[in-house]
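Read off the chains here:
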Amino acid sequence: MNRPTTDHATLADKFNENEPRVNWHDETLWWVRAKRDRQAWSIPEWELLRETASQIKLNVLGNLHDYLTQFEQQALQNGAVVHWAVDAAEHNRIVTDILQRHGVKRMVKSKSMLTEECHLNPHLEAHGIDVIDTDLGERIVQLAKEPPSHIVLPCIHKKKEEIGELFHEHLGTPAGNADPQFLTAAARQHLRKEFLQSKAAITGVNFAVAETGEMVVCTNEGNADMGAHLADVHIACMGIEKIIPERRHLGVFLRLLARSATGQPITTYSSHFRKPAAGKELHIVIVDNGRSRQLGREDFRNSLKCIRCGACMNTCPVYRRSGGHSYHTAVAGPIGSILAPNLDMKDYADLPFASTLCGSCSNVCPVKIDIHQQLYKWRQVLVQEGHTSGMKTAGMKMMNAVLSKPGNYKKAGKMGRWVLRAFPGMVNNRFNPWYKQREMPAPPAQSFSEWYAQQQSTKK
Amino acid sequence: MSSREQILAAVKKNQPEATALPSLQGLAGEMPATLEAYRKVLESLGGSLFEITDAAQVPALLSQHYPHLERVVFADDQREWAHEDPHQLENVDMAVVTGQWGVAENGAIWLTENNIAVRVLPFICQHLAIILPRERILATMHDAYEKIGAPQTGFGVFIAGPSKTADIEQSLVLGAHGAKSLVVFVLS
């Protein structure tokens with residue numbers, strides 16, 4: 001497992017060293033959010049769709065045991081092989097076993113945040129199996145030896161010149177060519193060779209239908225289909241929460257997913273995999289890895305409704321200005337910050353604090369997860385469990401002493417105003433995080449209470 | 001206890017009280033199921049559309065709009081190519097298939113294995129043409145799933161426009177891994 005080397009605030013500081021780049025990142029993601037708005041507003045029933053999707057997912061959470069067994073039964077009837085993995089290690093072991101049994105040394109993978117969460121690639125590489133990520137953005141970050149920084153837009157943090165440089169080094173494109181059209185064509189040629197040679201393909205799963213045992217995989221590039229249809233062995237990896245009850249419910253989710261994610265009416269391909277093609281194998285790996293534990297946390301179980309559209313990231317003022325890597329977890333942003341503490345409270349104790357609690361994430365979520373409320377609730381849990389820093393606890397205790405007693409509050413206010421006037425250097429310095437990138441306001445001469453008292457006395 | 005039993009037991013223990021499924025009534029609204037609406041969305045996705053009155057018009061239109069095609073396969077005429085190793089389809093310049101249902105709200109067309117014979121065909125070809133009967137254009141995805149009903153084959157797909165990516169600085173590029181262009185022939 002990757003241990004965080006440092007926390008969100010420190011990593012965000014690093015990202016913020018290059019201000020023009022932060023502004024570009026911020027504006028690019030806001031542009032995607034604006035595209036989402038245009039799509040949402042074009043459908044008068046949008047809010048009803050969100051509410052319906054949320055209720056379907058709530059029904060799934062309440063019947064998950066039965067839906068999982070129904071899905072398994074249907075999938076088996078369809079000729080798929082079903083595997084169950086309690087945690088990431090078991091998931092990786094199952095996938096490695098399948099590949100080794102087929103003598104696979106090099107294989108293609110389309111986007112799957114679950115395999116990122118399980119750190120499958122390094123595991124396979126340690127067993128002598130090369131994994132080629134085939135989503136263009138994922139291939140780019142793979143060549144750069146970085147994790148994706150966004151679940152839908154994996155290399156949103158990269159400039160085209162850097163990508164041109166990477167392709168020059170790894171794919172032999174001419175130096176200095178950073179034209180997206182040209183680079184995409186080069187990647188198409190490079191990855192076609194991989195698709196044609198691969199005996200096995202791994203894909204993620206967007207929706208698994210209990211009623212039919214089929215799995216729906218959505219891509220714009222067509223990489224999941226190129227991989228899965230050309231390979232002899234298709235391994236589909238899914239978390240237990242990917243289940244939806246019936247096929248007709250796909251209508252609700254496919255209308256919401258791409259509109260929320262990138263502001264498109266639907267992804268180019270919405271592929272329904274049900275049976276393996278003649279002479280081929282279809283393996284489905286159903287993974288828990290902490291999800292059943294999250295299901296038992298009343299305040300946080302709704303996070304399992306997530307359909308991984310990334311809308312909460314595109315809209316988040318903190319994500320846009322701190323970058324996906326600052327969250328040091330596979331799923332970044334607001335949703336990642338409520339999922340990660342369930343995996344490891346100590347390692348991810350910083351994430352629920354990486355938010356202004358403005359609520360924009362909850363407003364755009366297509367399945368209406370109360371993300372900002374869960375962030376707030378996680379903060380309370382993390383403080384109670386002793387996972388926050390001593391500084392934060394001491395600060396909170398001091399604030400409590402000041403704010404809960406009017407006498408203390410008045411005294412502290414008076415002292416604060418005096419300090420600001422007499423010794424501005426005490427707050428206007430780099431040790432005060434509020435001073436970063438802003439000037440502290442001039443201290444008022446008197447407090448509101450003092451002013452009010454004065455008004456009352458002059459009136460008389 | 002196997003992993004399967006362990007997971008299912010944990011889920012059973014932790015899952016909340018069951019709630020009823022919501023109704024799907026009223027979600028489709030007043031979306032139009034017209035050719036005009038379909039065309040507008042398809043073109044916004046980078047696809048093109050021609051109206052025809054006979055499927056026999058397709059070859060001439062293709063050679064007019066795609067003058068450099070060397071290998072064209074018709075899914076309806078499988079004797080020519082369906083026996084090949086699917087990897088050989090890599091040199092197909094244009095595949096022509098018949099779609100089952102079109103969706104006006106998002107430009108998607110539903111195809112199953114019955115329409116494409118070999119699963120990889122509509123993805124591996126350099127360009128894709130889909131023939132769609134005009135009366136098979138529906139308004140929304142809800143209408144589409146109602147018409148499609150239960151699955152009849154091992155694989156089905158909605159295709160909406162050509163393959164694309166915007167992974168490099170959000171610049172839209174058509175032709176990622178699948179077909180570089182999509183032309184829809186609406187047959188009336």
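Here the residue numbers are simple positions, counted from 1 along each chain's written sequence. Written order decides the labels, with chains lettered from A and ligands numbered from 1. With pLDDT at 70 or above as the cut-off, local features in this predicted model cover only qualifying residues; side-chain atom pairs require 80 or more to be listed or tallied, and sums for whole chains, interfaces and linings still use all residues. For side-chain calculations, the full set of non-hydrogen atoms in the structure is used, while hydrogens and water are omitted.

Asker: Would you mind going over helix H1 (residues 3–14) of chain B in detail, with residue names and values included?
Answerer: A run of H or I in DSSP counts as a helix once it spans at least four residues, and a run of E counts as a strand once it spans at least two, with each numbered from the N terminus. The span you would expect from a helix comes to 1.5 Å times its residue count less one. Between its first and last C-alpha, H1 of chain B extends 16 Å over 12 residues, near the 16 Å set by a 1.5 Å rise per residue. The cut-offs for exposure are 20% and 50% of the maximum accessible area for each residue type, with area from a 1.4 Å probe on protein chains only; residues under the lower value are buried, those over the upper are exposed, and the others partly exposed. Turning to H1 of chain B, its buried residues number three or more, namely Ser3, Ile7, Leu8, Val11 and Asn14 of chain B. Buried residues of H1 of chain B, viewed axially, fall in a sector of 140°; they line one side. With respect to the buried face of H1 of chain B, the exposed residues turned more than 90 degrees away are Lys12 and Lys13 of chain B. Buried positions along H1 of chain B lie against helix H4 (64–77), strand S1 (81–85), helix H5 (88–101), strand S10 (281–287) and helix H13 (291–295) of chain A. Directions pointing from the helix axis toward each C-beta atom define the arc. Only heavy atoms enter the contact rule, under which two residues are in contact if any of them lie within 4.5 Å.

Asker: Give a detailed account of the packing of helix H12 (residues 250–262) of chain A against helix H6 (residues 141–148) of chain B, specifying residues and quantitative values.
Answerer: When two helices pack together, their arrangement is captured by the angle between the axes and the distance separating the axes. Structural elements are reduced to axes, namely lines fitted to C-alpha atoms, with helices fitted over the stretch in contact, and the angle between N-to-C directions of any two is expressed from 0 to 180 degrees. Their axes nearest at 8 Å, the elements H12 of chain A and H6 of chain B cross at an angle of 145°. The element H12 of chain A and its partner H6 of chain B pack so that their crossing is right-handed. Seen from H12 of chain A, the contacting residues are Leu250, Gly251, Val252, Leu254 and Arg255 of chain A; seen from H6 of chain B, they are Met141, His142 and Tyr145 of chain B. In the scheme used here, Gly and all other residues not listed as nonpolar or charged are polar, with Ala, Val, Leu, Ile, Met, Phe, Trp, Tyr, Cys and Pro taken as nonpolar and Asp, Glu, Lys and Arg as charged. The class makeup of the residues in the contact of H12 of chain A with H6 of chain B is 5 nonpolar, 2 polar and 1 charged. Two helices cross in a left-handed way if the nearer one is turned anticlockwise from the farther one by less than a right angle. They cross in a right-handed way if the turn is clockwise.

Asker: An account of a nonpolar patch on the surface is requested, with residue identities and associated values reported.
Answerer: All names here are of chain A. Together, Met415, Trp418, Phe423 and Met426 line one region of the surface with nonpolar side chains, adding up to about 490 Å² of accessible area. In this fold, Met426 is placed in the loop between helix H20 (406–422) and helix H21 (448–459). Residue class for Met426 comes out exposed when judged on its relative accessible area of 57%. Each patch is assembled from residues with relative accessible area greater than 30% and no salt bridge, linking like charges that lie within 9 Å and nonpolar side chains (Val, Leu, Ile, Met, Phe, Trp, Tyr) that lie within 5 Å. Surface accessibility follows the Shrake-Rupley procedure with a 1.4 Å probe radius. Residue values consider only the protein chains on display as shielding. By convention in these notes, a salt bridge is any Lys or Arg side-chain nitrogen within 4 Å of a carboxyl oxygen on Asp or Glu.

Asker: Can you tell me about the sheet that holds strand S2 (residues 72–74) of chain B, naming the residues and giving the values?
Answerer: Residues and elements named next belong to chain B. The pairing criterion for strands is at least two bridges between them, as found by DSSP. Strand order across the open sheet formed by 5 strands is S1-S11-S6-S3-S2, with parallel pairing between neighbours. At either margin of the open sheet sits one strand with a lone partner, and together these are strand S1 (48–52) and S2. Within the sheet, the average angular offset between the axes of one strand and its neighbour, ignoring direction, is 20°. Relative to strand S11 (residues 181–187), helix H3 (residues 58–65) is tilted by about 145°, and along the sheet it contacts S1, S2, strand S3 (94–98), strand S6 (127–133) and S11.

Asker: A description of the sheet that holds strand S9 (residues 269–273) of chain A should follow, citing residues and the corresponding values.
Answerer: Taken together, 8 strands build an open sheet; the order of strands is S8(A)-S5(A)-S6(A)-S9(A)-S8(B)-S5(B)-S4(B)-S7(B) and the sheet is mixed. Bordering the open sheet on either side are strand S8 (243–244) of chain A together with strand S7 (137–138) of chain B, each of which pairs with just one other strand. Where strand S4 (residues 101–103) of chain B and strand S5 (residues 109–112) of chain B come together, 2 bridges link them in antiparallel fashion. Within S5 of chain B, the position partnered with Gly102 of chain B by the bridge is Ile109 of chain B.

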